[in-house]
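# Geometric and topological summary
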Amino acid sequence: MADVTLKGVTKQFGAHAVIKGVDLSVADGEFCVFVGPSGCGKSTLLRMIAGLEDISGGTLSIGGRDMTNVGPSERGVAMVFQSYALYPHMTVRDNIGFGLKMTGHAKADIDARVAEAARMLQLDALLERKPGQLSGGQRQRVAIGRAIVRKPEVFLFDEPLSNLDAALRVQMRIELSHLHADLKATMIYVTHDQVEAMTMADKIVVLSAGRIEQVGSPLDLYHRPDNLFVAGFIGSPKMNFIKTRTTAAGAGVTVTLPGGGTLSLPAPAGDLPKGEVTLGVRPEHLSATGEGDATLTGTVRVAEHLGSETLYFAALPDGTELSVKADGLSGLRVGDAITIGIPASACHLFDGEGKAVLNGDLRR
Amino acid sequence: MFPTPIQKASPLTQKAYVILLPIALVLWLLPLIGVAITSVRPASDLAAGNYFGVPSGFAGVDNYTAVFRDSPIGLYILNSFKVTIPTVIGSVALASLMGFALSVYKFRGNLIVFFMFVAGNFIPFQILMVPVRDFTLKAGLYDTTLGLVLFHIAFQTGFCTLFMRNFIRGLPFSLIEAARVEGVSEWKIFVHVVLPLMRPAIAALSVLVFTFVWNDYFWATVLVQGSHAMPVTAGLYSLNGQWVAAWHLVSAGAIVAALPPVAMFFLMQRHFIAGLTLGATKG
């Protein structure tokens, strides 16, 4: 059992608070991804779990044991660094076996484990090479191999794929998912790439400015964002936000749209928010052909033809910008008028403080 | 890029370069050439005032034989080795450890300790002459090789620590962190991860310290009296006769004495490798 539990964890660098009280539990065998914009503290949090940064406040336990003040070598975790951190003077074989050798494992045991890891990661042919003779993807595999051989209960990954090119990243993503399925170990993975987060995670932790914004499964975060930050961060291109006002109308609410139209939405669970609210709807849920419960008209400012789909960035008469994902064969050009359809079932409402009061969860 | 490669300069500059460079080279080496020529000059040339002219004959064999026959230069060279080698090992080893500690660990007073090492380099050693001599006398180290070694180590470690600390700072810190997470003890990290990567720094520093200490004349004359511990730099003086300055012999001795640092350089040359950390990180 190696669950990871953080209780009220904080980190101060001098007077500057980087992590402002994080409560989180990662279950045994779970693939948990920390995601957030640059500087949100996700790497620091991972390094605190690894023991490379001191924990200023709160407690950390791994597998039920308190690890708050335990050194990195005693925590039983393995870490893969963004920069790979391979020992340049050692061969691949020595790099992978180094930790085992230094902690007094028998040579036969080391050889067997290195061979096993090399086989899993297809490094067999490269064992006698030095890191300088390897490509980026191969180096990253060696770094992963170095983590695997120690059979740790918790793997920590610090943006391991961010130095690889796009094609290799996709391939390594799949390999890491396979690895997780094979090893059944707890994995905590830091990335700023939401595609990595969405594709690999059992659980995503969205961080912003040292705080957890939301924890949930990838699809929960996509369909039921708790607040404007998560709504805007998950999904690409990002969710459209329209500043508006609501009025109660029978069993639901009526939202005023730019250009004077209205849209009827189901009533939020709590009280109807007063004052200005934000209507959120994802580009892929809007219709470029005007189908939906309400329509908006605007002008196409930019059209990105990606083949499989077309992205339109449209401006409404009042200046609101909307992005719309349309069919790849859609033939609108820059300057053309566009009629955008909004389906009520896909609309989210956020109150003045940015908290979600209504989620347009399409899975219902 | 600065300086501009000479191949890209104007033809006139290139011509001037080709002419001026050998002249500058000869000017630079003139003292050395002078000593080398003097070392093969017969004694009569010096008596006749022919200091810089063409030697009247070749007396190289005689002079060099005389150096080894008439003076204990063999003993002096041995003494120099006995002082220099322990000093190189001692100061480079201490500096490696200090550099590791100062660059890897965060502790209160880290910078103050570091600055003390740096500041130590700025103390003119002439003002230390009297107290150090006094101290060695009281400690029973006066006129011994050990005394010289200890003081050389003390004085060289300051610069060496500055050098090593900055070198280790330049290594990717994630290597140390990776080893820590792997459960490797700090001492083993130093020995197995950091030390192998310090090879170019150790080689460069060894050559430097070897040359400094080998060429030291000041402390050799301050801390040593008898020929039993006298290094070759100070010992050369004994080649002069009681009444006559035998410059041809002193020159021959100087040439002999200058060979070990040169040999040291060529010995260490293959360790000056750039890009030892290639492949450690993304690169």
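A quick note: this is a predicted structure, and the numbers were derived from the prediction, not measured.

Parameters at a glance
Residues numbered from 1 in each chain as written. Chains lettered and ligands numbered in written order. Predicted model: local features only at pLDDT ≥ 70, side-chain atom pairs only at ≥ 80, totals over all residues. Helix = DSSP H or I, 4+ residues; strand = E, 2+ residues; numbered from the N terminus. Buried ≥ 20, exposed ≤ 12 C-beta atoms within 10 Å, placed from the backbone. Contact = placed C-beta atoms within 7 Å. Expected span 1.5 Å × (residues − 1). Bend = angle between axes of the 7 residues up to and from the residue. Pairing = 2+ DSSP bridges. Axes fitted to C-alpha atoms, helices over the stretch in contact; angles between N-to-C directions. Core = buried A, V, L, I, M, F, W, Y, C linked by C-beta atoms within 7 Å. Domains from an automatic or database assignment. pLDDT = per-residue confidence, 0-100.

With that settled, consider the overall build of chain A. A tally of helices and strands in chain A yields eight helices and 20 strands. Along the first, second and third principal axes, the C-alpha set of chain A runs to 75 × 45 × 40 Å. A total of 364 residues make up chain A; the buried ones form 42% of that total. Within chain A, contacts between residues at least 6 apart in sequence are counted, and of these 65% link residues at least 24 apart.

All names here are of chain B. Between its first and last C-alpha atoms helix α1 (residues 11-38) spans 40 Å; for 28 residues at 1.5 Å apiece the expected length is 40 Å, and the two agree. Maximum bend of α1: about 55°, positioned at leucine 30, with proline proline 31 one to four residues after it. Little of α1 sits out of view: just one of its 28 residues are buried.

What follows covers the sheet that holds strand β14 (residues 276-281) of chain A. Residues and elements named next belong to chain A. Across the sheet, six strands lie side by side as β13-β12-β11-β14-β19-β20; this open sheet has antiparallel pairing. Each end of this open sheet is capped by a strand with a single partner; those strands are β13 (262-266) and β20 (356-358). Between one strand axis and the next, the sheet turns through 40° on average, direction left out of account. Where strand β11 (residues 240-249) meets β14, six bridges bridge the pair, whose relative direction is antiparallel. Each bridged residue has a counterpart across the sheet, and for threonine 244 the counterpart in β14 is valine 277.

Turning next to the nonpolar core. Soluble globular proteins tend to pack their nonpolar side chains together in the buried interior. If you look at the biggest cluster of nonpolar residues, it comprises 160 residues, and the most contacted ones within it are Val33(A), Leu156(A) and Ile188(A). Ranked by the residues each element gives to this core, the list is headed by helix α10 (residues 199-214) of chain B, at ten residues. Here this core spans two domains, and each of domain 1 (4-229) and domain 2 (232-358) of chain A adds at least three residues to it. With residues up to four places along the chain from it excluded, the contact list for Leu156(A) reads Leu46(A), Ile49(A), Ala50(A), Val77(A), Ala78(A), Met79(A) and Ile188(A).

This paragraph deals with the interface of chain B and chain A. Of the residues lining the interface, 22 residues belong to chain B; the matching set on chain A comes to 27 residues. Only α8 (173-181) and α9 (186-197) of chain B provide two or more residues apiece to the side of chain B that touches chain A. Per-element tally for the side of chain B that touches chain A: the top contributor is α8(B), with six residues.

Further remarks concern the confidence of the model for chain B. Overall, the predicted model of chain B reaches an average pLDDT of 89, with 94% of residues at or above 70. Taken over the whole predicted complex, pTM reads 0.83, whereas the ipTM for its chain interfaces reads 0.83.

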